[in-house]
Amino acid sequence: MELLQNYILIFDQGTEDLQMLESLLGHLRCPLTVTRSAEQAIAKVKQAPPYLMILVGTQQGWPQPLMQQFRALADRCGITIIAVTDVHAPSWLRQEDNPGVDGFLVKPLNRDILTSVVQSAWIRQTYCLAN
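About the cut-offs
- Residues numbered from 1 in each chain as written.
- Predicted model: local features only at pLDDT ≥ 70, side-chain atom pairs only at ≥ 80, totals over all residues.
- Heavy atoms only, no water.
- Phe/Tyr/Trp six-rings, centres within 6.5 Å; stacked < 30°, edge-to-face > 60°.
- Helix = DSSP H or I, 4+ residues; strand = E, 2+ residues; numbered from the N terminus.
- Buried < 20%, exposed > 50% of the residue type's maximum accessible area, 1.4 Å probe, protein only.
- Salt bridge = Lys/Arg side-chain N within 4 Å of Asp/Glu carboxyl O.
- Pairing = 2+ DSSP bridges.
- Expected span 1.5 Å × (residues − 1).
- Arc of directions from axis to C-beta.
- Core = buried A, V, L, I, M, F, W, Y, C linked by side-chain atoms within 4.5 Å.
- Contact = heavy atoms within 4.5 Å.
- Polar contact = N/O pair within 3.5 Å; in protein donor to acceptor, adjacent residues only side chain to side chain.

**As for the packing of aromatic side chains**
At step 1: In total, this model carries one aromatic pair according to the counting rule given.
At step 2: Between phenylalanine 11 and phenylalanine 70, the aromatic rings sit 5.8 Å apart at their centres with planes inclined by 85°, giving edge-to-face as the arrangement. Highlighted residues: phenylalanine 11 in strand S1 (residues 8-12) and phenylalanine 70 in helix H3 (residues 64-77), separated in sequence by 59 residues.
At step 3: Its relative accessible area of 4% is what places phenylalanine 11 among the buried residues.

Written out as structure tokens, the structure is:
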């Protein structure tokens, strides 16, 4: 059985949302790791899987092969993948059309919702790795 990792991985494409996200997650006092490239993110997940991966950037910036690789790693390790999106995004894909992520965090982000997502992701990984 793999050891549980008590951290959140943020894959940021150089957006201004990172500071806000770090601030909101700061109250949870869980370690955060920020990566800026796909190679960094994949290497970190392979080294020590987080329980939550948050993708920050535009949906067009997540190429399908990259998302498939993230999904394969996530399924193996019980990682929850969440993408940050804007309430005014021109079009949201239905979950069936976007199998790479488990859900979306819609800006403006809410501290209580983010706390719930973090707790759910931790519980999911705990359950997945126990079975």
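After presenting the structure, the write-up continues.
**A few points about the pattern of salt bridges**
At step 1: Under the defined criterion, the tally for this structure stands at five salt bridges.
At step 2: Notably, a salt bridge pairs arginine 36 with aspartate 12, separated by 2.3 Å at the nearest N-O pair. A residue pair is termed long-range when its members are at least 10 positions apart, and arginine 36 in the loop between strand S2 (32-35) and helix H2 (38-47) and aspartate 12 in strand S1 qualify at 24 residues.
At step 3: The partly exposed category is assigned to arginine 36, whose relative accessible area is 48%.
At step 4: Exposure remark for aspartate 12: the relative accessible area of 0% places this residue in the buried category.
At step 5: Salt bridges sharing partners connect three or more residues here, namely Arg71, Asp75, Asp102 and Arg124.

**Quick notes on the pairing of strand S4 (residues 80-86)**
At step 1: Burial analysis of S4 places six of its seven residues in the buried class, which makes it a mostly covered element.
At step 2: Across five bridges, the pairing between strand S3 (residues 52-56) and S4 is parallel. Bridging across to S4, leucine 55 finds its partner in alanine 83.

**Quick word on H3**
At step 1: In this model H3 runs 20 Å from its N-terminal to its C-terminal C-alpha over 14 residues, within 8% of the 20 Å that 1.5 Å per residue would give.
At step 2: Turning to H3, its buried residues number three or more, namely Leu66, Met67, Phe70, Arg71, Leu73, Ala74 and Cys77. Viewed along the axis of H3, the buried residues span an arc of 170°, placing them on a single side of the element. Exposed positions of H3 whose direction lies more than 90 degrees from the buried face are Pro65, Asp75 and Arg76.
At step 3: Positive phi shows up at glycine 78, right after H3, with a value of about 70°.

**A word on the nonpolar core**
At step 1: If you look at the biggest cluster of nonpolar residues, it comprises 21 residues, and the most contacted ones within it are Phe11, Met53, Leu55, Leu66, Phe70 and Ile81.
At step 2: Counting only elements with at least two residues in this core, the list comes to S1, H2, S3, H3 and S4.
At step 3: With six residues, H3 is the single largest residue contributor to this core.
At step 4: Residues within four places of phenylalanine 11 in sequence aside, it is in contact with Thr35, Arg36, Ser37, Ala38, Ala41, Ile54, Leu55, Val56, Trp62, Leu66 and Phe70.
At step 5: Core analysis: the second largest hydrophobic core is formed by 19 residues, Ile8, Ile10, Leu114 and Ala121 among them.

**What about the side chain of aspartate 17?**
At step 1: Of note, aspartate 17 is situated in helix H1 (residues 17-26).
At step 2: Residue aspartate 17 is classed as buried on the basis of its relative accessible area of 15%.
At step 3: Within the local environment of aspartate 17, its side chain forms a polar contact with the side chain of lysine 107, the two groups lying 2.9 Å apart.
At step 4: With near-sequence residues (within four places) excluded, aspartate 17 lies in contact with Val56 and Lys107.

All quantities given are derived from atomic positions and should not be read as evidence of function.
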